[in-house]
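# Close look at the chain arrangement
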Amino acid sequence: MSSPLRVARAVGKKTRSSLEVLNLRGSRLIHWSKGHSGPLGVAVLVAIAGAIAYGHYFRPEIGPAMRGEEVANKLGCFSCHGPEGVSGIRNPGSAARDVPGWEHRKISMYIRKEEDLREWILYGRPRNSLMAADRMETPGLVRMPAYEKIISTGELDDLVQYLRAVSGWAADIPDIVYEGRKIAADLGCFGCHGQSGMGGMSNPGSLKGTIPAWDGGDFKQVVRDEAELKEWILEGEIKRLWKNPLAWYFLKRQIIKMPPYREHISDLELQKIVAYIGWLRKE
Amino acid sequence: MKHPLKHPIGPLAAALLLLLWTALSAEEPKYRSPNHLVVSPDGRFAYAVNQTADSISVLDIRARTAIDEMPVGPRPSHADISPDGRLLYVSNQYGDRVEVVNLKDRRVVRALEAEHEPYGVTLSPDGKKLYVAESISDTVSIFDTRNGKRLSRAHSGRGPRFIARTSDGSKLLVSNGMSRDVSIFAAESGKLLETRGLGKGALPRQITLSSDGKWAFVVHLISHDEQVPTQPERGRIHSNGVSVLALDRPGHRVTLCLDKLLAGAANPWGAAVSPDGSRLYVTLAGVHEVAIVDLKKTLAIVNETSPDKVSILEEDVELLEKRGFARRVTAGGIGPRGAAFSPATGEILVANYFSDTVSVLDAETGAVRAVIPLGKPVPMTTWRKGEMLFNDARIGFQHWFSCASCHQEDATTDGLNWDLTNDGVGNTKNVKSLHDINDTPPAMWHGVREDMDAAVQSGQRFLGFLPDPENHKALLAFIGNPKRAPNPYGKDRYKGPRERGRTHFYNARCDACHPPPLFTDQKPHDLGFGKPSDRTPRFDTPTLREVYRTAPYLHDGRARTLKELFTLHNGDGLHGETRGFSDSEVDELVAYIKSL
């Protein structure tokens, strides 16, 4: 499967291997420096430490939702819920006719709070929820399996994040946030920034090799405040980064460049998208 | 003298009396609320159908007094008298039957089992057949009065209210309270002959015929739901009038407004034609007046109106003053509804719903000759005052409409889509029943009003009603404590499908957004029903309580029936997992939902 995640991981490996090369050279340098002068050795060590820190700092970010997709793939969720979980296979004898996909409007018929989502995965049905567990026994040939015994807590957390990303489901989401997500989806933002903006595709030649997710730590490096966020969306770039030679180099070199949406977005729509991103980051 | 506490009987009795007194005074006073009037063939007596007292008052017309009152079944709404004057047929709206009252000993002798909420009843000229409009079943039934058996049953439009027959007994005309039309049936076979549209006419009430049987007159509102309701002036939201239908010309209709340029004629209700065929009397329930319509002038206007002028004429709120085809006089009471002509005295009798009186008007001049109280006057509770104000257009600008003009007299719905400006324009919304507004905030389809109080206040601010703290309090008391009709779909005959439907309800995941006991999660959801002009793609989940009487469905009323909702409008399965249901399973699901 050529998921964005895999690409991102490959890019990550590449970065790591280049660091190894750097390390090797460093050790030769150390060896060489031994018989010569002390201060040079220190300088070399500092340079190596700096390089490692640099590599660590600029490693591509892999968010929980992206890891969750791997989990879903491993557990076989897509076999019944369809590719990416968008539409399920036929379930003869069920009221729904099909195994439900994970679109938020569908998923909200099955869960009311995140706890329900976890229980569906663990036990094959909500157990402790107010969601009338005794009545949840829907007829149909295909039953949701219980993953309680084979899923780790970390995997469960990741999977839940992935499901939230795919579905866009959230309890009690305010109108403006809901509409912001809808507009972002319509404009195609999620094509690059990942489902619900929670992490997506790679971008060869960029600083980190991936397009930043809206909910992770990378976002903070390129967006310091709301004004910068709006500038990114409207212009596809921000002036601050152009002043930085290193950033300038990567922005120039990267394959995918953020498109300017100025001509295609209203002030209100912009406000709503900003509200959505703000909401997502506070989650 | 002994200390009173040593003998506890005295204080105890006093305490008991006090308790009894409070219990008695706490009991809701019984209003009669006369809804309809029938005059006996000999012209001596009039019978008032008391809708909220479950009784019939007997009035001696000449003596101007109520001489007797007899109990009948729950919520009597309409009645007709046999040609010999011996039997009175009374529809029990909440009893699902028509009771037969023997007028000699004034007691119920028999009952005919009807479908749900029978309203209008009328007898064949020979009295052998009874025609009944069943307002919740949307059907018209024909009964054999000798054995009480139903001979036939046919579908009418939505919410059939009043029923009239031609003098030769060949045709039946039914005014459909919720579907802007009149159904015409063959009286013999009970077959539907024609559904005649009323144009912009809405909430049609009483229908009656000219004495020669050529013309039918049906009173109704003219509701301009095609435009944004921002200006009540000139009846641009609602005007009020009477439609004249030529029975021998299919599709013929001419509507005349009974409004004046600066004074609306809100909520026309009852209609009666004088025996000589010269006048039509129309009660205007929202302005407490009676319109005396000169039929000669009226028919002249009707005859000169070509088909292409009909839609222009129905908007002409100056017509009454320009052409003088009618006069409006005071009804002599509050909330005039049923009207009947008394041939023996040459008077018109009017049932005043909120005054609990019958007023006697001179048929010629319209002067009030007498007001007959149906019993001791009962002081109005805040609730009752609220009900009165709800139906009163005098609290509205120029009296064009009352709350009941969109929500009917029972605070439900007119079934129309209106484009209120509170959520932007260009996005019409189906009128919601107010019965659950108090229990299930927020109000309005987009939840733009946080609760009932805010909604009623904005109604006063933006829809031309005069804000008044006392009125506001009373209106909230009425709207917040609705008197619900007994749900006919809870009956035993629906038990099987209803119980299977309950299982389907949970299997289809309906309870995700419509959880009991309110049957709404009071949250907004996007099921893909919105359009770009909507304020947001999400709509507040409506309650399912009383959904059997709030058709059509969805925010813009796109589904005419609940079945349509699950079949035509749920192709993606987002509004309940019903795509796997068979036809009969959908029927069972509907049977359950209707019982809520």
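Residues numbered from 1 in each chain as written. Chains lettered and ligands numbered in written order. Predicted model: local features only at pLDDT ≥ 70, side-chain atom pairs only at ≥ 80, totals over all residues. Heavy atoms only, no water.

## A few points about the overall build of chain B
When its secondary structure is counted, chain B shows 11 helices and 33 strands. Overall, chain B is about 95 × 65 × 50 Å in size when its C-alpha atoms are taken along their principal axes. Sequence-distant contacts in chain B: of pairs separated by 6 or more residues, those separated by 24 or more amount to 52%. Of the roughly 23300 Å² of accessible surface on chain B, a fraction of 55% belongs to carbon and sulfur atoms. For chain B, the distance from the average site of its 74 positive side-chain charges to the average site of its 73 negative ones is 3 Å. (Helix = DSSP H or I, 4+ residues; strand = E, 2+ residues; numbered from the N terminus. Contact = heavy atoms within 4.5 Å. Areas by Shrake-Rupley, 256 points an atom, 1.4 Å probe, with all protein chains shown as cover. Lys, Arg positive; Asp, Glu negative; His and termini not counted. Charge placed at Lys NZ, Arg CZ, Asp CG, Glu CD.)

## Observations regarding the environment of B:Arg538
All names here are of chain B. Tracing the chain through its elements places Arg538 in the loop between strand S32 (524-525) and strand S33 (539-540). Judged by relative accessible area, Arg538 falls into the buried class, the value being 5%. Sequence separation between Arg538 and Asn438 is 100 residues, and the spatial gap between their C-alpha atoms is 21 Å. (Buried < 20%, exposed > 50% of the residue type's maximum accessible area, 1.4 Å probe, protein only.)

## Overview of helix H8 (residues 469-480) of chain B
Residue and element names in this part refer to chain B. Between its first and last C-alpha, H8 extends 16 Å over 12 residues, near the 16 Å set by a 1.5 Å rise per residue. Turning to H8, the residues buried within the fold contact helix H5 (382-390) and helix H7 (452-462). Where H8 begins, one side-chain oxygen reaches toward the backbone nitrogen of Glu470, 2.9 Å away; that side chain belongs to Asp468. (Expected span 1.5 Å × (residues − 1). Polar contact = N/O pair within 3.5 Å; in protein donor to acceptor, adjacent residues only side chain to side chain.)

## Observations concerning the domain arrangement of chain A
Residues and elements named next belong to chain A. Partitioning chain A into domains gives domain 1 (4-57), domain 2 (64-167) and domain 3 (175-280). Centre-to-centre separation of domain 2 and domain 3, based on C-alpha positions: 30 Å. On the domain 3 side, the residues contacting the 9 residues of domain 2 number 7 residues. Summed over both sides, the interface of domain 2 with domain 3 buries roughly 710 Å², with 52% coming from carbon and sulfur. Of all residues in domain 2, Met66, His104 and Ala165 bury the most surface against domain 3, accounting for 50% of the area lost on that side. Taken together, domain 2 and domain 3 are joined by 0 salt bridges. (Domains from an automatic or database assignment. Buried area = accessible area lost by both parts, 1.4 Å probe. Salt bridge = Lys/Arg side-chain N within 4 Å of Asp/Glu carboxyl O.)

## Describing the domain arrangement of chain B
All names here are of chain B. One can read the domain layout of chain B as domain 1 (382-480) and domain 2 (488-594). On a C-alpha basis, the centres of domain 1 and domain 2 stand 25 Å from each other. Residue-level contacts link 25 residues of domain 1 with 23 residues of domain 2. Both sides together, the interface formed by domain 1 and domain 2 hides about 1800 Å², and carbon and sulfur atoms give 50% of it. If you sort the residues of domain 1 by the area they bury against domain 2, Asp436, Trp445 and His446 come out on top, with a joint share of 30%. Taken together, the connections running from domain 1 to domain 2 amount to 4 salt bridges. Split by residue class, the side of domain 1 that touches domain 2 holds 6 nonpolar, 13 polar and 6 charged. (Nonpolar A, V, L, I, M, F, W, Y, C, P; charged D, E, K, R; others polar.)

## Observations regarding the sheet that holds strand S13 (residues 160-165) of chain B
Residues and elements named next belong to chain B. Here we have 4 strands laid out as an open sheet, ordered S13-S14-S15-S16, and antiparallel in their pairing. Of all strands in the sheet, those with a lone pairing partner are S13 and strand S16 (192-197), marking the two edges. Averaged over all neighbouring strand pairs, the angle between strand axes comes to 20°, with direction disregarded. Of the pairings in the sheet, the one linking strand S14 (residues 171-176) to strand S15 (residues 181-186) comprises 6 bridges and is antiparallel in character. What sits directly across from Asn176, in S15, is Asp181. (Pairing = 2+ DSSP bridges. Axes fitted to C-alpha atoms, helices over the stretch in contact; angles between N-to-C directions.)

## Topic: unusual backbone geometry
With an omega of 5°, the peptide bond between B:Pro516 and B:Pro517 qualifies as cis. Position of B:Pro517 among the secondary structure elements: in the loop between helix H9 (495-507) and S32. The linkage connecting B:Ala551 with the following residue, B:Pro552, adopts the cis geometry, with an omega of 0°. A positive phi angle is found at A:Asp172, which is not glycine, with a value near 50°. With respect to the secondary-structure elements, A:Asp172 resides in the loop between helix H7 (153-167) and helix H8 (175-187). A residue is classified by how much of its surface remains accessible, and A:Asp172, at 55% relative accessible area, is exposed. Notably, B:Arg75 is not glycine yet its phi reads approximately 50°, a positive angle.

## Some remarks on the side chain of B:Asp392
Residue and element names in this part refer to chain B. Along the chain, Asp392 turns up in the loop between H5 and helix H6 (404-407). On the basis of relative accessibility, which here comes to 2%, the residue Asp392 falls in the buried class. A distance of 2.8 Å separates the side chain of Asp392 from the backbone nitrogen of Arg394, its partner in a polar contact. Leave out the neighbours within four places in its chain, and Asp392 touches Gly286, His288 and Ser402.

## Comments concerning the sheet that holds strand S25 (residues 326-330) of chain B
Residue and element names in this part refer to chain B. The strand order across the open sheet formed by 4 strands is S22-S23-S24-S25, and the pairing between neighbours is antiparallel. With one partner strand each, in any of the chains shown, strand S22 (268-273) and S25 form the two edges of the open sheet. Put simply, the sheet's adjacent strands are angled 20° from each other on average, direction ignored. Sheet topology places strand S24 (residues 289-294) next to S25; 5 bridges connect them, and they run antiparallel. Residue Glu289 lies in a different strand from S25, and its bridge partner there is Thr330. Sheet strands in contact with helix H2 (residues 295-304) are S22, strand S23 (279-284) and S24, and its direction is about 65° off that of S24.

## Topic: the pairing of strand S7 (residues 97-102) of chain B
Residues and elements named next belong to chain B. Sheet topology note: the strand S6 (residues 87-92)/S7 ladder contains 6 bridges and is antiparallel. In the sheet register, Ser91 faces S7, and the bridge partner there is Val98. Between S6 and S7, which pair antiparallel one after the other, the connecting turn spans 4 residues, and Asp96 there sits at a positive phi close to 55°. Summarising the sheet, S7 and strand S8 (residues 107-113) pair through 6 bridges and their orientation is antiparallel. Note on S8: the bridge partner recorded for Asn102 is Arg107.

## Brief notes about the nonpolar core
All names here are of chain A. With 31 residues, the main nonpolar core has Trp214, Leu229, Ile233, Ile265, Tyr276, Ile277 and Trp279 as its most contacted residues. Counting residues per element, this core draws most heavily on helix H14 (residues 267-282), which supplies 7 residues. When neighbours within four sequence positions are excluded, Tyr276 is seen to be in contact with Val177, Gly180, Arg181, Phe190, Ser196 and Trp214. (Core = buried A, V, L, I, M, F, W, Y, C linked by side-chain atoms within 4.5 Å.)

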